[in-house]
Structures are given as structure tokens and as C-alpha cells.
Amino acid sequence: MKNTIIKLFIIACLFLNCSGNNELLQSKKDIEIKSFLAFYQQEILKKNSIVLLEDTFDYDYTRCLYTFKQDTSYRNFEEKDFILGQEKRWTKQNMPNYTLISKADLPETITPAGWKNFRKKYNAGYYTLSYPIISNNLKYLVFYEGYYCGGKCGEGKFGLFKKTKTGWRLVKYYCDWVA
């Protein structure tokens, strides 16, 4: 009986320690994601304010994700993070300088009038951004950006970024498109 209690105690301690490590890792990931988003807005988008779809980009965009998963860099990432990334939404709290729109605000893409009215209201097209997925070693991050500005106007890219001593830098794009 005494051995059973000791074994249960050891298992409980290991479980608590592991969950504590997971929480610590997630906290570190959240800090790095915030630093990346600040970098991305300032250095890549170079805009003070953008129109952003509040639903994050779906990582099931198969062509880009498939190409990325063939790369050896993918081994630094956990599949569960891509699933969790799809459940995130952009809010004023995590994207304070952005004008957030819902799917209901999107222009009717079939008619030019839909885009004309959208641009009149927002003075621009809109972005869709993925929730950044960061590797467990906190050195790599993948991120998708799409910009839509009309029926035959837009662009998108899925990139791998690396954390350096001076900040984030683009390693490569796995796919990009222009309409």
C-alpha cells in the first residue's frame, strides 16, 4: 500500500511538472508571437492601420502547408499548434491598430459594385492573416498573409521566419500568389 501511494505521488508530481512546463512554453510562445506581430506590422506591412478580417486564415490552405511540411524546418513544429491556430480570432486586444471586419462586411465579389462600396467605406482592400505558429524551440514561426482588393486584385504568401539577435527575419516563402 505504501509503495502504491509513493508511485501515485511520483506520477502526480510528474504530471503537474509537465503541465507547468507546457504552460511556461505557451507563455513564452505568446510573448514571441506578440513581438512578431509588432515586427510584421511595422517592417512588412509598413502601415499604421489596416482592415483585417477578424477570422484568422485557415491553415488548411493545402498547397502552402503541404509544401512547408515537406521541408525539414517543419520538424520544429507541432501539428496541434496548427489546429489551435485555426481556432483563434483577431480582436481589438491582440490587434489594436487594425480595423476589424466580419465575414458579413466582406464585399460581394461577383459584382464590381460590391468592391466599389467596400473601398468607399474602408478606403482600402482587406487583409486576412493567420495566427502565427511558433516552433517549440521559439526560433521559427510560420505565418500567412493575404490581401484582397477586388475580383482580380490581391496577393498572398506563406512564410517561414526566424528569430535572430536583432529580431525576426524572413527565411523563405513557400508559396505566394498574385491576382
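Let us look at the structure shown here. (Residues numbered from 1 in each chain as written. Predicted model: local features only at pLDDT ≥ 70, side-chain atom pairs only at ≥ 80, totals over all residues. Heavy atoms only, no water.)

## Re the layout of surface pockets
Stage number 1. Taken as a whole, the largest pocket spans an internal volume of roughly 320 Å³.
Stage number 2. Contributing to the lining of the largest pocket are 15 residues, with K34, L37, Q93, N94 and M95 lying nearest its centre.
Stage number 3. For the lining of the largest pocket, a count of residues per class yields 8 nonpolar, 5 polar and 2 charged. (1 Å grid on protein atoms, 1.4 Å probe; cavity = no way out; pocket = protein on both sides within 12 Å on 5 of 7 lines; lining within 4 Å. Points joined across faces, edges and corners; volume = space filled by probe spheres on them. Nonpolar A, V, L, I, M, F, W, Y, C, P; charged D, E, K, R; others polar.)

## Digging into the packing of aromatic side chains
Stage number 1. For the structure on display, the rule yields 21 aromatic pairs.
Stage number 2. Ring centres 5.5 Å apart and planes at 35° place the aromatic pair F36 and Y40 in the tilted group. Within this pair, F36 and its partner Y40 are both found in helix α1 (residues 2-45), separated by 4 residues, close to a single helical turn. This pair shows no difference in class: F36 is buried, exactly as Y40 is.
Stage number 3. Of the aromatic side chains, those joined through ring pairs into one cluster are F36, F39, Y40, F143, F161 and W168. (Phe/Tyr/Trp six-rings, centres within 6.5 Å; stacked < 30°, edge-to-face > 60°. Helix = DSSP H or I, 4+ residues; strand = E, 2+ residues; numbered from the N terminus. Buried < 20%, exposed > 50% of the residue type's maximum accessible area, 1.4 Å probe, protein only.)

## Some points on helix α3 (residues 79-86)
Stage number 1. Every buried residue of α3 is listed here: D81, F82 and G85. The buried residues of α3 occupy one face: seen down the axis, they fall within an arc of 100°. (Arc of directions from axis to C-beta.)

## A look at the pairing of strand β7 (residues 167-178)
Put simply, side chains in a regular strand alternate between the two faces of the sheet.
Stage number 1. The pairing of strand β6 (residues 153-164) with β7 spans 10 bridges and is classified as antiparallel. When the sheet's bridge partners are listed, G156 is paired in β7 with W177.
Stage number 2. Between β6 and β7, which pair antiparallel one after the other, the connecting turn spans 2 residues. (Pairing = 2+ DSSP bridges.)

## Things to note about the nonpolar core
Stage number 1. Residues F36, L129, L141, F143 and F161 are the most contacted members of the largest nonpolar core, which totals 22 residues.
Stage number 2. When residues of this core are traced back to their parent elements, those giving at least two are α1, β3 (126-129) and β5 (140-150).
Stage number 3. It is α1 that contributes the most residues to this core, 6 residues altogether.
Stage number 4. Contact partners of L141, with chain neighbours within four places excluded, come to I33, F36, F77, P132, I133, I134, G159, L160, F161 and W168. (Core = buried A, V, L, I, M, F, W, Y, C linked by side-chain atoms within 4.5 Å. Contact = heavy atoms within 4.5 Å.)

## Structural notes on the state of the cysteines
Stage number 1. Taken as a whole and assessed by the stated rule, the structure comprises 1 disulfide.
Stage number 2. In this model, C149 is linked to C153 through a disulfide, with the two sulfur atoms separated by 1.8 Å. Its S-S torsion of approximately -80° makes the covalent link between C149 and C153 left-handed.
Stage number 3. For C149, a relative accessible area of 10% translates into the label buried. (Disulfide = S-S within 2.5 Å.)

## Description of unusual backbone geometry
Stage number 1. With a phi close to 60°, N123 is a non-glycine residue in the positive phi region.
Stage number 2. Among the structural elements, N123 can be located in the loop between α4 (112-122) and β3.
Stage number 3. Here L138, not a glycine, exhibits a phi torsion of approximately 65°, which is positive.
Stage number 4. The topology assignment puts L138 in the loop between β4 (133-134) and β5.

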